[in-house]
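# A structural walkthrough
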Protein chains: 2
Amino acid sequence: MSVGADRFLKDLHQLRTFGATGTGIVRRAFSDMDIAARLWLAAEMQEAGLTPQFDPVGNLFGLHPAEKSLLIGSHSDTQPEGGWLDGALGVLMGLAIARASVQAGGPPVSVVSFQDEEGRFGGLTGSRVWAGDISLSEVDDLCDFDGISFADARSKMKELAGDFVNPAQFTGYIEPHIEQGPVLDTSGEKVGVVTEIVGTRELLVTLKGQQNHAGTTPMPMRRDAFQALAEFSHELNGRFQNVVASQTVWTIGHVEVHPNAASIVPGQVRFSAQWRDGDAGRLACMEDIVRETLADVCATHGIGARLSESQQILPVKMDTGLREKLEIAAEQSVPGSWRKMPSGALHDASYVARLMPTAMMFVPSIGGISHSFEEDTAEDDLVIGLNVLARAAFG
Amino acid sequence: MSVGADRFLKDLHQLRTFGATGTGIVRRAFSDMDIAARLWLAAEMQEAGLTPQFDPVGNLFGLHPAEKSLLIGSHSDTQPEGGWLDGALGVLMGLAIARASVQAGGPPVSVVSFQDEEGRFGGLTGSRVWAGDISLSEVDDLCDFDGISFADARSKMKELAGDFVNPAQFTGYIEPHIEQGPVLDTSGEKVGVVTEIVGTRELLVTLKGQQNHAGTTPMPMRRDAFQALAEFSHELNGRFQNVVASQTVWTIGHVEVHPNAASIVPGQVRFSAQWRDGDAGRLACMEDIVRETLADVCATHGIGARLSESQQILPVKMDTGLREKLEIAAEQSVPGSWRKMPSGALHDASYVARLMPTAMMFVPSIGGISHSFEEDTAEDDLVIGLNVLARAAFG
């Protein structure tokens, strides 16, 4: 079955014009550009023989007339300074395959563009509401950084809004996406079949030592909060070696030193410790190690520690049936040049997996760059991805 | 010879009223409170039989009529939030001993309160000009954080200003001071005789890695600038062990992480590395180790480093003749309950040592606290310090 690669690329470049800024895109959820792009998408869906339907939170579905269909898509909103493929790729791969499925009378495929995946109101807002993780009245109270409520934002689309789409009509959901990491680009492989979306745990830690004069306080009498942080980081790296897998990641990304002056022994440090893995048990085990290591280092350095409750996002396993279809299609299309891999980033698939069998497929990101105007993927690789996905949907 | 401990304590509490704020003092150089305190000091000097003389930069001398005298003093300006003894103690110990020397016809002693020791215009400004380290025209261009020039500040005292005092009239300088550290308070000793004022070296370092998504970037592909800093700190502590002495100190006091978000691998870190010791050779050797360790850690972590030129303050040895007088006096007054020790903080003595034999004596700081409203010393310990100094001056 032909999926029209030229039309797919033309559509991608057409969608790119909405909010184009240099090589990147500014198309925040519910902005004029976002709504204009969704109206263009709805027209494209109509023209492809699908029934466009907006729901109350701005999610746009293009529904195949069949009673049951496979749903393919992602999102068309962007980061404040976003790339042209993040989200858009999945929506337009879905549209290309749904168009082909209508034209050929093949296995029915519907398409979706979720709203506010990029988190103007906290992240994955559209799919989160659809999956029932948060109610419409709760989400309406969320505000963006300018103090605008979700209720006010979605009221801009109230003329368009229909009912929520019944998820029971879909046999499953596949979300194609750029990898947003360097693994495929580095290995030269063309496709990643996602095994799971990793879970995340995060702690915010405050270390309290004793602020002191950096000239007059002998080393053995210091309770230096920054030294405690540096030793914690070093010690943690060692202790993690016994439990981590190759895909496990951990990050100290936020650090505040007080009073932060060259001639003063730091009296306080606040920092974030975050770790991600596909295995819930490993995430819990790592939290034990983080807490033990902190306790040991603080005891050695005479430091008090205050830890937040850990923020937890559970890992989401991808559906084995859909994964197998993607794996077979990848091996047929690009034999030996694809891999199974976790998704280190969150996606709408995390919530949709609560409703139906769900899978994801990655194409390479040049240099691993994303959430940036420089985000890009070779057009040949986009077409390879489209063909793998079509094989999986129709095969 | 009696040095009038009651009068000395009364004077300390009287000076404390200028700028009193809770238990602390706000008496910034050239502020109305600072000038009022200096006028009060000048009147006290006059009454003690000394000749008060302001110089062009606000230093106030109380000159003994003898052709040659020993100079004792410190400063009477304070930090923005200062303690009641930092500086004031040395000036009023000097005044008490000078008064006694006039009354008894004993060995002549003069007294000084230097201006801007606490650095409204950079630090040690008054003694620095007097010692010829910076010219009057250069110092006039220095500005405080509000943009007020030294020239404008000192013009508030122009009616008072006389000539610079000729340093050749002094046989030496002794600066009594609170320790500003925890050594004497912890050991229970009463007096510290300073061996040297330590030197300082400081580097500002920028580490450049690669900013990345904390979920999608595998650990082996990261170039995490914060991890490089933490490993540098750990490694440096180990390598320093072979060269440092018990009094050597080193501090990473300022740290800026970019972009400083929990979910982003840090792409850049800026930090200060500072170390202090009384031995110039050791300071240089430590700089070699800092630079080697940074180079090694950066190579391992794929990080680029940009280092400032090191800022250097050379160590200043105290005069052995004056030290010996203080040591003998301490052993007579509080046998076995004093120690020789370096000064980890800078003092006016650092610059005065360029002009004449110079020494320093410390009394305990409760809890090692200074540059704080909580700074304090037991009155018994103040009087012990006064008696040791009087013995050294007259003995």
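In the block above lies the structure referred to throughout.
Owing to the predicted nature of the structure, the values given are computational and were not obtained by experimental measurement.

### A few points about the overall build of chain A
Along its length, chain A carries twelve helices and 19 strands. A globule of 395 residues ought to have a C-alpha radius of gyration of about 21 Å, and chain A, at 24 Å, matches this closely. Reported as C-alpha extents along the three principal axes, the dimensions of chain A are approximately 80 × 50 × 40 Å. A total of 395 residues make up chain A; the buried ones form 58% of that total. Taking the 31 positively charged and 51 negatively charged side chains of chain A as two groups, their mean positions are separated by 3 Å.

### A short note on helix 3 (residues 88–104) of chain A
All names here are of chain A. The terminal C-alpha atoms of helix 3 lie 24 Å apart, and with 17 residues this matches the ideal 24 Å at 1.5 Å per residue to within 8%. Of all 17 residues in helix 3, 14 are buried; the element is thus mostly enclosed. Phi turns positive one or two residues past the end of helix 3, at Gly-105, with a value near 60°.

### Thoughts on the relation of the copies chain A and chain B
When chain A is fitted to chain B, the best match, at an RMSD of 0.1 Å, comes from turning it 180° and sliding it 0.1 Å along the axis. On this basis, the relationship between the two copies can be described by a two-fold rotation axis. Closest approach to the rotation axis within chain A is made by the C-alpha atom of Ala-230 of chain A, at a distance of 2.2 Å. A symmetric contact is evident, with 100% of the interface residues of chain A recurring at the interface of chain B.

### So, helix 10 (residues 320–333) of chain B
Residue and element names in this part refer to chain B. Taking 1.5 Å per residue as the helical rise, helix 10 with its 14 residues ought to reach 20 Å, and the 20 Å between its terminal C-alpha atoms agrees with that figure. Check the buried side of helix 10 and you find it contacts strand 5 (69–75), strand 7 (170–178), strand 8 (191–197), strand 18 (338–343), strand 19 (358–363) and helix 12 (379–394). Its side-chain oxygen 3.2 Å from the backbone nitrogen of Gly-321, Asp-319 forms the N-cap of helix 10.

### Focus: the interface of chain A and chain B
Residue-level contacts link 47 residues of chain A with 47 residues of chain B. Summed over both sides, the interface of chain A with chain B buries roughly 3900 Å², with 54% coming from carbon and sulfur. Summed over the shared surface of chain A and chain B, the number is zero salt bridges. One can count 23 residue pairs in polar contact (both at pLDDT 80 or more) joining chain A with chain B. Elements with a minimum of two residues in the side of chain A that touches chain B: helix 7 (183–187), strand 10 (212–213), helix 8 (225–240), strand 11 (249–251), strand 12 (255–258), strand 13 (264–265) and strand 14 (268–277) of chain A. Of the residues that constitute the side of chain A that touches chain B, the class distribution is 20 nonpolar, 22 polar and five charged.

### A word on the side chain of Asp-116 of chain A
All names here are of chain A. Tracing the sequence through the fold places Asp-116 in the loop between strand 6 (109–114) and helix 4 (125–130). Here Asp-116 is buried and forms no salt bridge, its nearest opposite-charge partner Arg-28 lying at an N-O distance of 5.2 Å. A polar side-chain atom of Asp-116 sits 2.6 Å from the main-chain amide nitrogen of Arg-120. At 2.5 Å, the side chain of Asp-116 forms a polar contact with the side chain of Thr-125. Non-local contacts of Asp-116, meaning those with residues more than four positions away in its chain, are made with Ala-29, Arg-38, Asp-77, Phe-121, Gly-122, Gly-123, Leu-124 and Thr-125.

### Description of the packing of helix 1 (residues 5–16) of chain A against helix 2 (residues 32–47) of chain A
All names here are of chain A. Relative orientation of the contacting elements helix 1 and helix 2 amounts to 155°, with a least axis distance of 11 Å. Taken together, the axes of helix 1 and helix 2 lie roughly antiparallel to each other. Crossing geometry of helix 1 relative to helix 2 is assigned as right-handed. Residues Arg-7, Asp-11, Gln-14 and Leu-15 of helix 1 touch helix 2, and the partners they reach there are Ala-37, Trp-40, Glu-44 and Glu-47. Along the lines of polarity and charge, the residues of the contact of helix 1 with helix 2 split into three nonpolar, one polar and four charged.

### Points about the packing of aromatic side chains
Residue and element names in this part refer to chain A. Applying the stated criterion across every chain yields a total of 24 aromatic pairs over all chains. Taking the centre distance of 6.2 Å and the plane angle of 85° together, the rings of Phe-61 and Phe-114 count as edge-to-face. Here Phe-61 is found in strand 4 (residues 60–63), whereas its partner Phe-114 is found in strand 6, with 53 residues between them in sequence. Here Phe-61 matches Phe-114 in class, with each residue buried. Through successive ring pairs, a cluster of aromatic residues spans Phe-61, Phe-114, Trp-130, Phe-170 and Tyr-173. Between Arg-16 and the ring centre of Trp-84, over which it is positioned, the NZ or CZ distance is 4.1 Å.

About the thresholds
- Residues numbered from 1 in each chain as written.
- Chains lettered and ligands numbered in written order.
- Predicted model: local features only at pLDDT ≥ 70, side-chain atom pairs only at ≥ 80, totals over all residues.
- Heavy atoms only, no water.
- Helix = DSSP H or I, 4+ residues; strand = E, 2+ residues; numbered from the N terminus.
- Rg over C-alpha atoms; globule rule 2.2 N^0.38 Å.
- Buried < 20%, exposed > 50% of the residue type's maximum accessible area, 1.4 Å probe, protein only.
- Lys, Arg positive; Asp, Glu negative; His and termini not counted.
- Charge placed at Lys NZ, Arg CZ, Asp CG, Glu CD.
- Expected span 1.5 Å × (residues − 1).
- Least-squares fit on C-alpha atoms with pLDDT ≥ 70 in both.
- Contact = heavy atoms within 4.5 Å.
- Polar contact = N/O pair within 3.5 Å; in protein donor to acceptor, adjacent residues only side chain to side chain.
- Buried area = accessible area lost by both parts, 1.4 Å probe.
- Salt bridge = Lys/Arg side-chain N within 4 Å of Asp/Glu carboxyl O.
- Nonpolar A, V, L, I, M, F, W, Y, C, P; charged D, E, K, R; others polar.
- Axes fitted to C-alpha atoms, helices over the stretch in contact; angles between N-to-C directions.
- Parallel < 35°, antiparallel > 145°, perpendicular 65-115°, else oblique.
- Left-handed = near helix turned anticlockwise from the far one by under 90°.
- Phe/Tyr/Trp six-rings, centres within 6.5 Å; stacked < 30°, edge-to-face > 60°.
- Lys NZ or Arg CZ within 6 Å of the ring centre and 35° of its normal.

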